Amino acid sequence: MSYDLCIIGSGPGGYVCAVKAAQLGLKVAVVEKRATYGGTCLNIGCIPSKALLHTSELFEEASHAFEGFGIKVGKPKLDLPTMMKHKQDVIDSNTGGVTFLFKKNKIDAIQGTGKIAAPGKVEVTGEDGSTQTLEAKNIVIATGSDVAPLPGIEIDEKKVVSSTGALSLEKVPGKMIVVGAGVIGLELGSVWRRLGAEVTVVEFLDRILPGMDGDVAKNFQRILKKQGFDFKLGAKVTGVEKAGSGLKVSVEPASGDGKAETLEADVVLVAIGRRPYTEGLGLEAVGIELDERKRVKTDAHFKTSVDGIYAIGDVIAGPMLAHKAEDEGAALAEILAGQAGHVNYDVIPGVVYTMPEVASVGKTEEDLKAAGIKYKAGKYPFSANGRARAIGQTDGFIKILADAETDRVLGAHMIGAGVGEMIHELAVLMEFGGSSEDLARTCHAHPTLSEAVREAAMATYDKPIHM
């Protein structure tokens, strides 16, 4: 069978690229090694983690917040199997949705492991070992990323788990050690802390959320500590040993100076990042260049060093985010159909789905200082917002950064309930080159949490009203 486009991988990048290309009239095939579509995101990542974050949040509210609102329900009981069933139902619904999209758009979905045999040829090996070769004018590598291992630590997905195992624990651990204070570690640590685990986060750097605005990270750590998280920063895990039914975890200062200590845990979650999935695809044999981090090298139009072969998502440079992969998939489909696809990498929001949430778009203060750009910052706390007080969610703030001369918004950083939804107001503003004054002069409904965004904009270009 011959195609205009063959995509290896059906994650957010791959399936969006396939659907968009089919909508634009191309004949498309997608090769997927999993039994279900949607990649890491839908099967063992973004979607199941959000299901558990939401249900564990409800459990925490019922356990601690209801009484203060005048709701007496007694002590809630955790039914973990039902919680996990809800998670699986959500996964099934979403992966089934991708299957429906493929059928609707007449995309040929082929189960098996894909490998590039030559430019224009993809060899697919089925579970039974049988092989078939697909021919395509263009090939897209959309194989995503895999969990980055911790040297010397074996992940068994029972006691020592990656994010995959942490989404399917059979019981709440008494003590959990999270290795890595990035997004995944803090989100999954939040789930199990709310359900009753004692959570200690060990991070190599001297701060949490590397790469995010420093002011946000510092304040967010304070909030997490108040919730019961324990942090060991500037520290590294050097060994994990089984001890009876539990684990003994060796932790040393990251600097190499100072005393090592041993921590006890029931479960250790390794969440030190992800690495691009580029092995076993036949890339070297066809001459596709990789960078020093084993990512596929591409030009501004997602083309690799070999004509007719492209790459998108976690396998190329840039933030490892599902929505970044989706945008690249759609842009590449447009390019291959003769249109002008484009991704604005300066306006890609990032969200940590804890409670409160953390959201960010554009430049941080550290970025602007390093680049020598003069800026002004406006900040507004949720403690001064009427709706936040009414719902008992006063933690956090909105911060907006704008060019000192032009007032054009260059970045925004938020902590608070629901800021993962509010960040898009700034993303749209930035896409249109808007100023903090533009936002400050836009009427917002009252009473809403979003009014804090407007007040932060007022604080950036002038003065807020309610502070």
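Preceding this section is the structure that the text describes.
Only a predicted model underlies this, so the values are computations on that prediction, with no experimental measurement involved.

Undergrad: Tell me about the packing of aromatic side chains, and please be specific about residues and values.
TA: Applying the stated criterion to the full structure yields 2 aromatic pairs. Ring geometry for Tyr37 versus Phe102: centroids 5.2 Å apart, planes at 65°, classification edge-to-face. Placement of Tyr37 in the loop between β2 (28–32) and α2 (39–44) and of Phe102 in helix α4 (residues 80–104) is noted, with a sequence separation of 65 residues between them. Across this residue pair, the class does not change: Tyr37 and Phe102 are buried. With 5.9 Å between their ring centres and 15° between their planes, Phe229 and Phe231 make a pair best called stacked. In terms of burial, Phe229 and Phe231 fall into one category: buried. Its end group placed over the ring of Phe397, Lys379 keeps NZ or CZ at 4.3 Å from the ring centre.

Undergrad: Give me helix α7 (residues 214–227): which residues, what numbers.
TA: The first and last C-alpha atoms of α7 sit 20 Å apart over 14 residues, in line with the 20 Å expected at 1.5 Å per residue. Three or more residues of α7 are buried, namely Gly214, Val216, Ala217, Asn219, Phe220, Gln221, Ile223 and Leu224. Where the residues of α7 are buried, they touch α6 (183–194), β11 (230–233), β19 (357–362), α9 (365–370), β21 (397–403) and β22 (409–416). Capping the start of α7, Asp213 holds a side-chain oxygen 3.1 Å from the backbone nitrogen of Asp215, two or three residues further along. Looking one or two residues past α7, Gly228 carries a phi angle of roughly 120°, positive in sign.

Undergrad: Please provide a residue-by-residue account of the sheet that holds β11, values included.
TA: Sheet architecture is open: 5 strands sit in the order β8-β15-β9-β10-β11, paired in parallel fashion. Two strands bound the open sheet, and with one partner strand each, they are β8 (160–161) and β11. Pairing of β8 with strand β15 (residues 267–270), which is carried by 2 bridges, proceeds in the parallel orientation. Along β15, the bridge assignment pairs Val160 with Val268.

Thresholds, definitions, all that
- Residues numbered from 1 in each chain as written.
- Predicted model: local features only at pLDDT ≥ 70, side-chain atom pairs only at ≥ 80, totals over all residues.
- Heavy atoms only, no water.
- Phe/Tyr/Trp six-rings, centres within 6.5 Å; stacked < 30°, edge-to-face > 60°.
- Helix = DSSP H or I, 4+ residues; strand = E, 2+ residues; numbered from the N terminus.
- Buried < 20%, exposed > 50% of the residue type's maximum accessible area, 1.4 Å probe, protein only.
- Lys NZ or Arg CZ within 6 Å of the ring centre and 35° of its normal.
- Expected span 1.5 Å × (residues − 1).
- Contact = heavy atoms within 4.5 Å.
- Polar contact = N/O pair within 3.5 Å; in protein donor to acceptor, adjacent residues only side chain to side chain.
- Pairing = 2+ DSSP bridges.

So, to be careful, I would describe these as geometric facts and stop short of saying anything about function.
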